[in-house]
Amino acid sequence: MRIGFIGLGNMGGPMAANLAGAGHEVRGFDPSAEPPEGVARAASAEEAVEGAEVVLTMLPNGEILRSVALQAIPAMAEGAVLCDCSTVDVESARAVASQAEAAGLGALDAPVSGGVGGAAAGTLTFMVGGGDAAFEKVRPLFEIMGQKAVHCGEAGAGQSAKICNNMILGATMIATCEAFALADKLGLDRQKMFDVVSTSSGSSWSMNTYCPAPGVGPRSPADNDYRPGFAADLMLKDLRLSQQAAEAVDADTPMGELAMRLYAAFVEQEGGRGRDFSAMLPRFSARRRDS
Ligand code: NAD
C-alpha cells in the first residue's frame, strides 16, 4: 500500500518504520525529525500524501492536526483515508473527520496506548472512531503497528475512549501513590502492602503492573529512578483533554478534575516535568497532610 505519514517523532518514527519494514511504500513528512530507515522523505505534507491510499498523522496536539489537515486534505487522492493517531481533543478529531468526509475521503481517529516501547515493538493498542469502510481499509496497518484495534464507534469515539481510560489511570495512580505514602507512615512494609492490595479489591493496573514503589512488583519506571515510561507531562495533557471534553458535554468528573490539578502542580511547580507519572509516590512521601 502507498502510505503518507506526517509527524515522525518519538511515536510516529517507529510506527512509520514498522510499516515500511512490512513492505509498504511509505513517504513521510516532518519539519524537524529525520525519517527512519525505509521511509522516503517528503518536502511537505502535500508531497507526503500525494497518491497515498492511507495517510497517517502522529502530531503533538489538535491545533497542529487541524493545520496539517488543511494542507493534506485537498492534496489527497479521492477515496483515500486520513487516519489520525495523535491524542487530541474530541472536537478537533470530529472537525477534521467532517472536513475529510466532505472532500470525499474516509476519516478515522485512532489514538494509541502503549507508548514509545509499543510503537517500536509494533504492539500498540488502537482505539478507533469513524466509518466501517475506513476502518477495514486501515485494519491491516493497525495489525502491523499494533496488537489490537478496537472500533469504538463514529468519529471522535477513539479519542473519547482514550481520555476516559487515561482519566481512570491518572486517578488510580494518584490513589495508589497516596495509599503507599500513608502505609509508609503507618509503618506498613511496602512489599506486604503490594502483596495484599494486588490481590484484593484495591488492585488496579497502577498497582499490579506498574507499581510506583521501587523494588516492589514487576519491573516498572520506579525501578529506573522514575524515568518515563509514561511522562507526567503526557498524563497532564490527557487529563486536560478529559476535562475539556467533560466541560463540553456537561459531565461531572470531580476525580478527573482533581487528578488534573495534582498533575498540573506536579509538572509545573514541583519538578515533575520529564519524570514518569508514577513519581507521584515520592511527591506524596515528601509531603505532610497540610502542605
Ligand atoms: P513528538 O513530539 O516526539 O512527535 C511529534 C512530531 O510532530 C515531531 O517530530 C514534530 O516535529 C512533528 N510536527 C509538529 N508539527 C508538524 C507539522 N506541522 N507537520 C508535520 N510534523 C509536525 O511526540 P510523540 O511522543 O511522538 O507523540 C505524538 C502523539 O502521540 C501525541 O499526540 C501524544 O500525546 C501521543 N502519544 C504519545 C505517547 C508517548 O508515550 N510518547 C503515548 C501515547 C500517545
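Structure's up top.
These numbers were taken from a predicted model, which means no experiment stands behind them.

Here is what the cut-offs are and how they apply
Residues numbered from 1 in each chain as written. Predicted model: local features only at pLDDT ≥ 70, side-chain atom pairs only at ≥ 80, totals over all residues. Heavy atoms only, no water. Near = heavy atom within 4 Å. Polar contact = N/O pair within 3.5 Å; in protein donor to acceptor, adjacent residues only side chain to side chain. Areas by Shrake-Rupley, 256 points an atom, 1.4 Å probe, with all protein chains shown as cover. Helix = DSSP H or I, 4+ residues; strand = E, 2+ residues; numbered from the N terminus. Nonpolar A, V, L, I, M, F, W, Y, C, P; charged D, E, K, R; others polar. Phe/Tyr/Trp six-rings, centres within 6.5 Å; stacked < 30°, edge-to-face > 60°. Buried < 20%, exposed > 50% of the residue type's maximum accessible area, 1.4 Å probe, protein only. Lys NZ or Arg CZ within 6 Å of the ring centre and 35° of its normal. Disulfide = S-S within 2.5 Å. Pairing = 2+ DSSP bridges. Right-handed = clockwise from strand over helix to strand, strands pointing away.

(A) Structural view of the site of the ligand. In the vicinity of the ligand, 23 residues are found, and the nearest of them are Met11, Asp30, Ser32, Leu59 and Lys237. With respect to the ligand, the backbone of asparagine 10 contributes an N or O atom lying 2.9 Å from an oxygen atom. In the model, an oxygen atom of the ligand is placed 2.8 Å from a nitrogen or oxygen of the methionine 11 main chain. The protein chains hide 82% of the 830 Å² of surface that the ligand would expose on its own. Every element with two or more residues in the shell around the ligand is listed here: helix H3 (62-75), helix H5 (115-121) and helix H10 (232-249). Residues that form the shell around the ligand fall into these classes: 13 nonpolar, 7 polar and 3 charged.

(B) Spotlight on the packing of aromatic side chains. For the structure shown, the criterion picks out 6 aromatic pairs. A centroid spacing of 4.8 Å and a plane angle of 25° characterise the contact between tryptophan 205 and tyrosine 210, whose relative ring orientation is stacked. Overall, the relative accessible area of 10% leaves tyrosine 210 in the buried class. With 5.3 Å between their ring centres and 70° between their planes, phenylalanine 230 and phenylalanine 277 make a pair best called edge-to-face. Of the two residues, phenylalanine 230 sits in the loop between helix H9 (205-208) and H10 while phenylalanine 277 sits in the loop between helix H11 (254-269) and helix H12 (280-285), which places them 47 residues apart along the sequence. Summarising the burial analysis for this pair, phenylalanine 230 and phenylalanine 277 share the class buried. Between arginine 283 and the ring centre of phenylalanine 284, over which it is positioned, the NZ or CZ distance is 5.0 Å.

(C) Structural view of the state of the cysteines. All chains considered together, the criterion is met by 0 disulfides. Cysteine cysteine 152 is unpaired, with the sulfur of cysteine 164 as its nearest cysteine sulfur at 10 Å. Cysteine cysteine 211 remains unbridged, with the sulfur of cysteine 177 as its closest cysteine sulfur at 8.6 Å.

(D) Quick peek at the pairing of strand E6 (residues 106-109). Burial along E6 is two-sided: Gly106 and Leu108 and Ala107 and Asp109, pointing in opposite directions, are all buried. Pairing geometry for strand E5 (residues 81-84) and E6, over 4 bridges, is parallel. Paired with leucine 82 across the strands is alanine 107, a residue of E6. Remark: the E5/helix H4 (residues 90-102)/E6 crossover connection has right-handed handedness. In the sheet, E6 pairs with strand E8 (residues 124-130) via 2 bridges, with the strands oriented antiparallel. Residue pairing in the sheet places aspartate 109 in a bridge with glycine 129 of E8.

Structural measurements only, silent on function.
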